[in-house]
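Observations on the model geometry
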Amino acid sequence: MNDSLASTLVLCDLDNLLLGEDGNLTQVVRDVLQLFSSRGGRLTVFSQRSPRAVRSILGSVRLAAPALVCGGTMAYHYADGNRVPLCSFDQQQELFNCLPDTPGVGVAVQMQDGTTRVLRMSNALERHLRQEWTPYLLANAADIHPEQVLRVLLYQDSKAVPMISLLEKSLGDRTAVLLGERAATDTLILTPRTVSGREMLDAVCMPVGTDPEDVLVLAGGLPMLDMVRASSQSTAAADAPAELRLAAQKVTLTDAAAGSAVEVLYRMVRDAENLA
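A short tour of the structure in this document, coming up. (Residues numbered from 1 in each chain as written. Predicted model: local features only at pLDDT ≥ 70, side-chain atom pairs only at ≥ 80, totals over all residues. Heavy atoms only, no water.)

1. Focus on the sheet that holds strand β8 (residues 137-138)
- As summarised here, the arrangement of the 6 strands in space is β8-β7-β6-β9-β11-β10, forming an open sheet in which the pairing is mixed. Two strands close off the open sheet at either side, each with one partner strand: β8 and β10 (179-184).
- Taken together, the 5 bridges between β10 and strand β11 (residues 187-191) define a ladder with antiparallel strand orientation. Bridge pairing in β11 links Glu181 to Ile189.
- Packed on one face of the sheet, helix α7 (residues 163-171) meets β6 (105-111), β9 (149-156), β10 and β11 and runs near 35° to β11. (Pairing = 2+ DSSP bridges. Helix = DSSP H or I, 4+ residues; strand = E, 2+ residues; numbered from the N terminus. Contact = heavy atoms within 4.5 Å. Axes fitted to C-alpha atoms, helices over the stretch in contact; angles between N-to-C directions.)

2. A look at the packing of aromatic side chains
- Inspection of every chain in the model, using the stated rule, returns 2 aromatic pairs.
- Judged by centre distance (4.8 Å) and plane angle (55°), the ring pair of Tyr76 and Tyr78 falls under tilted.
- Tyr76 gets classed as buried once you look at its relative accessible area, which sits at 14%.
- Both rings, one in Phe89 and one in Phe96, keep their centres 5.7 Å apart while their planes meet at 65°; by these two values the pair is edge-to-face.
- Above the plane of the ring of Tyr78 lies Arg55, whose end atom (NZ or CZ) is 5.1 Å from the centre. (Phe/Tyr/Trp six-rings, centres within 6.5 Å; stacked < 30°, edge-to-face > 60°. Buried < 20%, exposed > 50% of the residue type's maximum accessible area, 1.4 Å probe, protein only. Lys NZ or Arg CZ within 6 Å of the ring centre and 35° of its normal.)

3. Things to note about helix α3 (residues 27-38)
- If you check α3, its first and last C-alpha atoms are 16 Å apart, about what 12 residues at 1.5 Å a residue would give, namely 16 Å.
- Taken residue by residue, α3 has Val29, Val32, Leu33 and Phe36 as its buried positions. When α3 is viewed along its axis, its buried side chains cluster within an angular range of 105° and face the same direction. Counted as exposed and oriented over 90 degrees from the buried face of α3: Gln27 and Gln34.
- Just beyond α3, the residue with positive phi is Gly40, at close to 100°. (Expected span 1.5 Å × (residues − 1). Arc of directions from axis to C-beta.)

By themselves, these observations are geometric and do not establish any function.
The structure is reproduced here in structure tokens:
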């Protein structure tokens, strides 16, 4: 094991930096991850996906610390199955009874137990569930325990669906205590509050005794922006959103699809070997 390589924990954007167009790890990424691990490198991931979906995608890839799943609202430690939720909809039961019931709008919730519950199906929601390898259960709003909910996900079949105005009409004043974030052109995510970048870093580091100062945040999408700002080491992909590139300490030479994560991990291995 190379001590210089093992001294840094890499927290990498799974969805934007490690996956190919088919939603799988590409072969070159698998090869570099294996090389990185064999040299003593430590890796974990950030993903919008559920714990089960992340585990299915990673396969035999082992993580050295809890992964941030469900958009950073939960830290999941695959080594022992321990999960740490970072937010909930406690005392907001009425919200689930008021979510838009409109044709072409799908509604799903991600739970603290790692499951995804579908309240209303739509074409866009079904497509995302398949693309993201997400197992799900059908449920009714009345059966949902709000204290166990991490996020509400809304999917629109058509751009013509006025999602924001529908939410404002359905939820009224409740929208004031929610954070709405576009994860894709057809996907709107609601959380009860913003989970700070520092909270997310602490949730990753504390279970494995790692100092947050020793974490390299490798980001490709805006959901990791607050972590990039909170970290002492950060790198953004060359084609990441401008706000993310400006906040990061370094920017890769390559775009995400061209292998920006591979560029960083392989360089870390080479640098460690040169120091040996």
